[in-house]
Amino acid sequence: MTLLEDRPQPPSEEHNPLLMDIVPGPRPAGLVKYITSTDHKQIGLNYLVTGLLAFVVAGIMALGMRTQLIVPNNHFITADVYNQLFTIHGTIMLFVFAGPFGFAGFGNYLVPLMIGAPDMAFPRFNNLSYWLYLGGFSLLMAGFLTNNGAAQFGWFGYAPLTEAIHSPGPGGDLWLVGIALTGFSGIFSAVNIITTIFTLRAPGMVMFRMPIFVWNILVTMFLVLLAFPVLTSAFALLWIDRHLGGNFFNTQKGGQPILWQNLFWFFGHPEVYIIALPYFGVVTEVLASMCRKPVFGYKGMIAATLSIGALSMGVWAHHMYTTGAVLLPFFAAMSLLIAVPTGIKFFNWIGTMWRGTIVLNTPLLFSIGFLIQFLMGGVTGVILAQPVLDFQLHNTYFVVAHFHYVIMGLVFGGLAGLYYWYPKMTGRMFDERWGKASFILLLIGFNLTFFPQHDLGLRGMPRRIETYNAGLGWNFLNELSSIGSYITGLGVVATVINLVKSYRSGPIAGDNPWDAQTLEWACSSPPPDHNFEALPPIRSERPVWDANHPDMLTKVGH
Amino acid sequence: MHLASSLLGSVSNFGSPQGVTKQDGWNHLLWNISFWFALPITLLVVCLIGYALFRYRERPGKERVPAQFQYHIPIEAAYTIIPLVVVAVIFGFMFNAENQQSKSPAPAAGNVLKITVDGFQWGWRFVYPNGHAEVGTADYTNINTNSDLPVLYLPANEPVQLHLVSLDVVHTFYVKDFLYNRDLIPGVDNNVNFTVKTPGIYQGQCNNICGEYHAYMRFLVQVMPADQYNQWYANQPACSVTTAGISGPPAPGTCDSQLSKGFQAGL
């Protein structure tokens, strides 16, 4: 036995088998593939399709609520049903759609492709994550089938309303377990993706050559690891209270309801950035590709992402200003500070567009929609971060408008990503006309729905009320808002039609239809199992561009 | 000149409603400061985006691949430091306003009127220092009726302290015209101070989801000049209960608990 062996010779060209040929066994297809696959792309698609379904379902709930509110003193649905709708609408939108659609859907599909890996670090664990997530979604929906209906206490379920004495029945339990399952799914995804990014990067893909999207997912996943276990613990406490005679949130026996609020928001505010950061990444990639330029201020962008992640852990109590039980100046200062890195990102996005050659197609338009809506949500966020103004506006429709501008901004980002990577995922090109129609409908519908709600909040309309008195000056604005919500619904329908129709009959897209820059565009569309047959040399954060435009490399210096 | 100043006056509040308490001037100040910063910044960003979209859009004759620059340190430093300064300034104003607003009435005003506000599913009880209680819940079938609502009677231009107590779940005391929200949380002791300037009737409402009929958990605030208020108060026997506008003697045993709650707040 020799200590040193000769380096094995690479097999000669004609005997070089494709990776596909080496992996033995039959290849499942269709439903079996969907159920059993450990391929990160299939699982990513599972998340994206399930997430989109959740978006449509929770959107229909929103239409029900807007129909109830279209006129005062309406009895379209009962108070009981209305409360179930807004609870499950919020829960599904946040826990099943917005978060997992970004970090698990796009994250699963794109992270291995972008860093040149064949799959995730733990493919079967990845499969488990998806099934826990789908189980969580199903349980949340199953609440509607129980005799007392689904949970009725709002998506942040303030104790003691959630205690068994105030909310009896299985609806609340299904809500608890459903969210806990999506939480575990998130934690497992986080472990998986962090490991993947740290250990499976291709040769040459150093950390500072990873696409911004991958950086954002990395920070998101750390936030998940910090935030979700706290939520799960809080849920365990509530479960003990509901079923095992505990008194964590029962003042009569020495419990503290305010504890729930602290635990929940300690999760809840990082959650906002868990939702947001992946879409920031998506928009960054779309803008760079569609402007045919490198991301402006790449390293500043990463620093901004890291500081958003850090600051987001210290702002939870800005949801609790009106409890009279938190230190106002500290949380106000931290909340205001978050505006700074977010502002840096905005200017970097503008810098990316500056002096570029901007292709005005559907993914770019949705990215611009994201920029404008999110800007609006950010500005009203700076207003709400100030305790004195929050005392006035807390829990009014001003807050509803604020966070819908934020989250619908992110939805625009998500749709930008869906259109942008659609050719990669399906191998087919979407229909530009349907895409643009969807964008225009969504832009009009969304702003018509939520802009009047700022004014409703200033006029004193509280959120989560099932109906309202006719004499308070809220009637016309509510009418506008409801009409807007129907237009938004049409916009979503247009996108769904586009996605389904193009999947069946869209033109073949080719490997790199956008002349894009990052590694996922180096493999075929859709990519084969285990992704890459060969990798281009990775010498910057945009290896595909470098390979295609050797004369147009990033200009060094400034 | 006159026209300009009146125009400025009409937009200077940027839509924030006029409040009726002595404390709400701080809201206007902060609201205006926020807008003076936010409007130009928003306009700047929107214009930059719009300009870039128009000026650099792909069109015939434009080079297909533009210059590939990536960093510009001075500009990046500028848009890091300037926002830091802006939020520091906003924070300074906010910090001052918040301190001023939360100041309790001076101790000289020893006769602050202390009222206990009890929130329950789904109504309110306002307990006065002599044990008189105003109670009410709403008509759950028709939200347009105001006749059953409980009424909180307050004197104008007198400092008032409200002791907020929840009898079951979390509620929020919210009167739009006070520009103020404060939660009623079991286990948290909340006192808030107001001095209402303008007599009138104001709408109040619970502003935290508290169960099925949350939307109906409304009340009215009637603010009267001090002499009228004193006259009203003198006519309320100790420990009497007015339910939905109808006065009656207290049910046996209730006065003690009301009194203890009332005195807990009042003394």
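Please read all numbers here as calculations on a predicted model, not as lab measurements.

**Looking at the overall build of chain B**
A tally of regular secondary structure across chain B gives 5 helices and 12 strands. Across the 267 residues that make up chain B, the buried fraction comes to 37%. Relative to all contacts within chain B whose residues are 6 or more apart in sequence, the contacts with residues 24 or more apart total 67%.

**Overview of the overall build of chain A**
The helix and strand inventory of chain A stands at 17 helices and 0 strands. On C-alpha atoms alone, chain A measures out to a radius of gyration of 24 Å, which is about the 24 Å that the 2.2 N^0.38 rule sets for 558 residues. Counting only C-alpha atoms, chain A reaches 80 × 55 × 50 Å along its principal axes. Counting every position in chain A, which comprises 558 residues, the buried fraction comes to 60%. Looking at chain A alone, contacts between residues at least 24 apart form 83% of all its contacts between residues at least 6 apart.

**What about the domain arrangement of chain B?**
Accessible area lost upon the coming together of the parts is a frequently used measure of interface size. All names here are of chain B. On domain assignment, one finds that chain B holds domain 1 (9-101) and domain 2 (113-266). Facing the 8 residues of domain 1 at the interface are 9 residues of domain 2. Within the side of domain 1 that touches domain 2, the residues separate by chemical class into 2 nonpolar, 4 polar and 2 charged.

**Re the environment of proline 118 of chain A**
Residue and element names in this part refer to chain A. Relative to the helices and strands, proline 118 is located in the loop between helix 4 (79-115) and helix 5 (123-142). Placed 410 residues apart in sequence, proline 118 and proline 528 show a C-alpha to C-alpha distance of 9.8 Å. What proline 118 contacts, discounting residues up to four positions off in sequence, is Pro112, His530 and Asn531.

**Here's the deal with the packing of helix 5 of chain A against helix 6 (residues 170-199) of chain A**
Residue and element names in this part refer to chain A. At a minimum axis distance of 8 Å, the contact between helix 5 and helix 6 shows a crossing angle of 160°. It follows that helix 5 is roughly antiparallel to helix 6 by the angle criterion. Relative to helix 6, the crossing made by helix 5 is left-handed. Residue-level inspection shows Phe125, Asn126, Leu128, Ser129, Leu132, Tyr133, Gly135, Gly136, Leu139, Leu140 and Ala142 of helix 5 in contact with helix 6, the latter providing Leu174, Trp175, Val177, Gly178, Ile179, Leu181, Thr182, Phe184, Ser185, Phe188, Ser189 and Asn192. When the residues that make up the contact of helix 5 with helix 6 are grouped by side-chain class, the tally is 14 nonpolar, 9 polar and no charged.

**Topic: the interface of chain B and chain A**
On the side of chain A, 80 residues touch chain B, which itself brings 74 residues to the contact. Contributing elements (two or more residues each) for the side of chain B that touches chain A: helix 2 (25-55), helix 3 (73-101), strand 6 (171-175), strand 7 (180-184) and strand 9 (200-206) of chain B. The element that contributes the greatest number of residues to the side of chain B that touches chain A is helix 3 of chain B, accounting for 14 residues. Partitioned by chemical class, the residues of the side of chain B that touches chain A number 40 nonpolar, 22 polar and 12 charged.

**Remarks on the pairing of strand 7 of chain B**
Residue and element names in this part refer to chain B. Burial runs high along strand 7: 5 of the 5 residues are buried. Going residue by residue along strand 7, you find Tyr180, Arg182 and Leu184 tucked away on one face and Asn181 and Asp183 tucked away on the opposite face as well. Direction of pairing for strand 6 relative to strand 7: antiparallel, over a ladder of 5 bridges. When the bridges of strand 7 are listed, tyrosine 174 appears paired with asparagine 181. Connecting the antiparallel pair strand 6 and strand 7 is a turn made up of 4 residues, with leucine 179 showing a positive phi of about 50°.

**Concerning the environment of glycine 169 of chain A**
Residue and element names in this part refer to chain A. Within the element layout of this structure, glycine 169 appears in the loop between helix 5 and helix 6. Under the C-beta neighbour-count criterion, glycine 169 is labelled partly exposed, with 16 such atoms within 10 Å. Sequence-wise, glycine 169 and tyrosine 298 are 129 residues apart; in three dimensions their C-alpha atoms are separated by 52 Å. Look past the residues within four positions of glycine 169 in its chain and what remains in contact with it is Thr146, Asn147 and Asn148.

Criteria and cut-off values
Residues numbered from 1 in each chain as written. Chains lettered and ligands numbered in written order. Predicted model: local features only at pLDDT ≥ 70, side-chain atom pairs only at ≥ 80, totals over all residues. Helix = DSSP H or I, 4+ residues; strand = E, 2+ residues; numbered from the N terminus. Buried ≥ 20, exposed ≤ 12 C-beta atoms within 10 Å, placed from the backbone. Contact = placed C-beta atoms within 7 Å. Rg over C-alpha atoms; globule rule 2.2 N^0.38 Å. Domains from an automatic or database assignment. Nonpolar A, V, L, I, M, F, W, Y, C, P; charged D, E, K, R; others polar. Axes fitted to C-alpha atoms, helices over the stretch in contact; angles between N-to-C directions. Parallel < 35°, antiparallel > 145°, perpendicular 65-115°, else oblique. Left-handed = near helix turned anticlockwise from the far one by under 90°. Pairing = 2+ DSSP bridges.

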